[in-house]
Amino acid sequence: MFAQQIIDALRTVRYPGTNKNIIESGMLEDDIRISGFAVSFSLILPKENDPFRKSLLRAAETAIKTYVDPNAEVTIHEKYVRAASPAKKDPDATPSWKHIIAISSGKGGVGKSTVACNLAVTLAQMGFRVGLLDADIHGPSQPKMLDLENYRPMAVNVNGRDLIQPAEAYGVKMLSIGFFVNEGQAVVWRGGMASNAIKQLIDDADWGELDFFLIDLPPGTSDIHLTIVQELHLTGAVIVTTPQPVALADARKGVDMFRNDKIDVPVLGIVENMAWFTPAELPENRYYIFGRDGGKTLAEEMNVPLLGQIPLVQSIRESGDNGQPIALQQGHPAAAFYTKIAEQLLK
């Protein structure tokens, strides 16, 4: 085992978000030590608590075992470069984003991500410049719904800064944590790591000028919600719920969270999803599987607008699973529900 073999193996490892391997990026320190099957070296990481740290170290170890010796005993030391402190963030640092809207839900499984995806596509088809951040760390679904599962972000140089280039589909720019983990791999991060990852996707990406920046938040209330509020000046939040009492109880907490004195984000409205079911063979019938008008009642109770009610429609589910959001099919009855919500939101 020779030092050059170690270096060549590490050339196969790329730091997430860039098109350079860790050798090109100057992340390997000149301290390779080899003794029998034992090999040790140091990697210089951009910052402490880097959200990609563990995956990078694991990839480096795997590369050596794959390309050098499967019996290698690898020890990697971590070092960090402290960059100069940036200037204090200007509260108006994102004037190129006209409206920043959080799409939230009190609990999972109510169709929040489907609403966020179709709303983004609808706004793009109306001619607006739209960005969509999939901030649902533990359940990122936007890559699948926008047919971008194979996209791997590259770095672009913008005014001397290396920025992550968002994917683009159907006129919507999108970034997701799902781009940085293997399919089927669980993201097991503490709150601080998750928050740092979200900050990178906001601050270190080339979003450009946007009319609407939509954020698909995780369900519930968590560190991610606080991070978003601290990082961005939100125009408002949209709460998605089903009419089921269990979902409504959590949606009520979601409205309360945004109205909290420490958060103070306007709630632009409630979307009632899966409001009823109409079978194709009985188009005049409505079956209220999860209860009737629960979202509408909650909106009246909390004194916020009801942006719309969306029925439980098989084609909405199928289009999302196929990476072709139903909002693309202008004229489709299901697409009209999202158009109405977009129009209400614009008001």
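Now for a look at the structure at hand. (Residues numbered from 1 in each chain as written. Predicted model: local features only at pLDDT ≥ 70, side-chain atom pairs only at ≥ 80, totals over all residues. Heavy atoms only, no water.)

## Some points on the side chain of T242
(1) Moving on: Mapped onto the elements of the fold, T242 is located in the loop between β11 (236-241) and α7 (245-259).
(2) Moving on: For T242, a relative accessible area of 4% translates into the label buried.
(3) Moving on: Excluding residues that lie within four positions of it along the chain, T242 makes contacts with V110, A247, L248, N273 and M274. (Helix = DSSP H or I, 4+ residues; strand = E, 2+ residues; numbered from the N terminus. Buried < 20%, exposed > 50% of the residue type's maximum accessible area, 1.4 Å probe, protein only. Contact = heavy atoms within 4.5 Å.)

## Considerations on the nonpolar core
(1) Moving on: L133, F213, I215, I228, L232, L234 and F258 are the most contacted members of the largest nonpolar core, which has 78 residues in total.
(2) Moving on: If you tally residues by element for this core, the top one is helix α3 (residues 112-125), at 8 residues.
(3) Moving on: Setting aside its immediate chain neighbours within four residues, F258 contacts A102, S104, L217, A237, I239, I263, D264, V265 and V267.
(4) Moving on: Ranked by size, the runner-up nonpolar core spans 23 residues in total, among them V13, I23, I64 and V68. (Core = buried A, V, L, I, M, F, W, Y, C linked by side-chain atoms within 4.5 Å.)

## Quick look at the packing of aromatic side chains
(1) Moving on: Counted according to the given criterion, the structure contains 5 aromatic pairs.
(2) Moving on: Taking 4.4 Å as the distance between ring centres and 35° as the angle between the ring planes, the aromatic pair formed by W97 and F213 counts as tilted. Here W97, found in strand β4 (residues 97-105), pairs with F213, found in strand β10 (residues 210-216); they are 116 residues apart in sequence, far enough to count as distant. The pair W97 / F213 is uniform in exposure class, with both members buried.
(3) Moving on: With a centroid separation of 5.2 Å and an interplanar angle of 85°, the aromatic rings of F128 and F212 are classed as edge-to-face. Within this pair, whereas F128 is found in the loop between α3 and β5 (130-134), its partner F212 is found in strand β10, the two being separated by 84 residues in sequence.
(4) Moving on: Relative accessible area serves as the criterion here: at 27%, F128 is assigned to the partly exposed category.
(5) Moving on: An aromatic cluster is built from W97, W207 and F213, whose rings are joined through pairwise contacts. (Phe/Tyr/Trp six-rings, centres within 6.5 Å; stacked < 30°, edge-to-face > 60°.)

## Notes on the pattern of salt bridges
(1) Moving on: In total, this model carries 12 salt bridges according to the counting rule given.
(2) Moving on: A salt bridge links R129 to D211; the nearest nitrogen and oxygen atoms lie 3.1 Å apart. Residue R129 is located in the loop between α3 and β5, and its partner D211 is located in strand β10; the two are separated by 82 residues in the primary sequence.
(3) Moving on: The exposure class assigned to D211 is buried, which follows from its relative accessible area of 10%. (Salt bridge = Lys/Arg side-chain N within 4 Å of Asp/Glu carboxyl O.)

## Description of the packing of α3 against helix α10 (residues 333-346)
(1) Moving on: Closest axis-to-axis distance for the α3/α10 pair is 9 Å, and the angle between their directions is 75°. By the angle between their axes, α3 is roughly perpendicular relative to α10. The residues of α10 that touch α3, namely those facing T114, V115, N118, L119, T122 and L123, are Y338, T339, I341, A342, L345 and L346.
(2) Moving on: Its residues assigned to classes, the contact of α3 with α10 comprises 8 nonpolar, 4 polar and no charged. (Axes fitted to C-alpha atoms, helices over the stretch in contact; angles between N-to-C directions. Parallel < 35°, antiparallel > 145°, perpendicular 65-115°, else oblique. Nonpolar A, V, L, I, M, F, W, Y, C, P; charged D, E, K, R; others polar.)

## Quick word on the environment of D204
(1) Moving on: Inspection of the secondary structure puts D204 in the loop between α5 (191-203) and β10.
(2) Moving on: Classification of D204 as partly exposed rests on a relative accessible area of 25%.
(3) Moving on: Spatially, the C-alpha atoms of D204 and Q165 are 9.1 Å apart, while their sequence positions differ by 39 residues.
(4) Moving on: In this structure D204 touches R161, L163, I164 and K199, once residues within four positions along its chain are discounted.

## A look at α10
(1) Moving on: In a regular helix each residue adds 1.5 Å, so 14 residues correspond to 20 Å; α10 covers 21 Å between its end C-alpha atoms and thus fits that length.
(2) Moving on: All of the buried residues along α10 are A334, A335, Y338, I341, A342 and L345. One side of α10 holds all its buried residues, which, seen down the axis, span an arc of 115°. (Expected span 1.5 Å × (residues − 1). Arc of directions from axis to C-beta.)

## Overview of the pairing of β5
(1) Moving on: Across the 5 residues that make up β5, a large majority, 5, are buried.
(2) Moving on: Two elements, β5 and β10, share 5 bridges in a ladder whose sense is parallel. Looking across to β10, one finds that L132 is bridged to L214. (Pairing = 2+ DSSP bridges.)

## Re the sheet that holds strand β13 (residues 306-312)
(1) Moving on: Read from one edge to the other, the open sheet built from 8 strands follows the order β8-β9-β5-β10-β4-β11-β12-β13, with strand pairing classed as mixed. The open sheet has two edge strands with one neighbour each: β8 (167-169) and β13. Between one strand axis and the next, the sheet turns by 25° as a mean value, whatever way the strands run.
(2) Moving on: Across the face of the sheet, α7 comes into contact with β4, β11 and β12 (267-277) while running at roughly 175° to β11.
(3) Moving on: Here helix α8 (residues 294-302) sits on the sheet and contacts β11, β12 and β13; the angle it forms with β12, its principal contact strand, is near 160°.

## Quick word on the sheet that holds strand β2 (residues 38-45)
(1) Moving on: Strand order across the open sheet formed by 3 strands is β1-β2-β3, with mixed pairing between neighbours. What marks the edges here is a single partner per strand, and that holds for β1 (33-35) and β3 (73-80). Taking each pair of neighbouring strands and ignoring which way they run, the sheet shows an average axis angle of 20°.
(2) Moving on: With 8 bridges joining them, β2 and β3 adopt parallel strand pairing.

In short, the description is geometric, and any link to function would need to be established separately.
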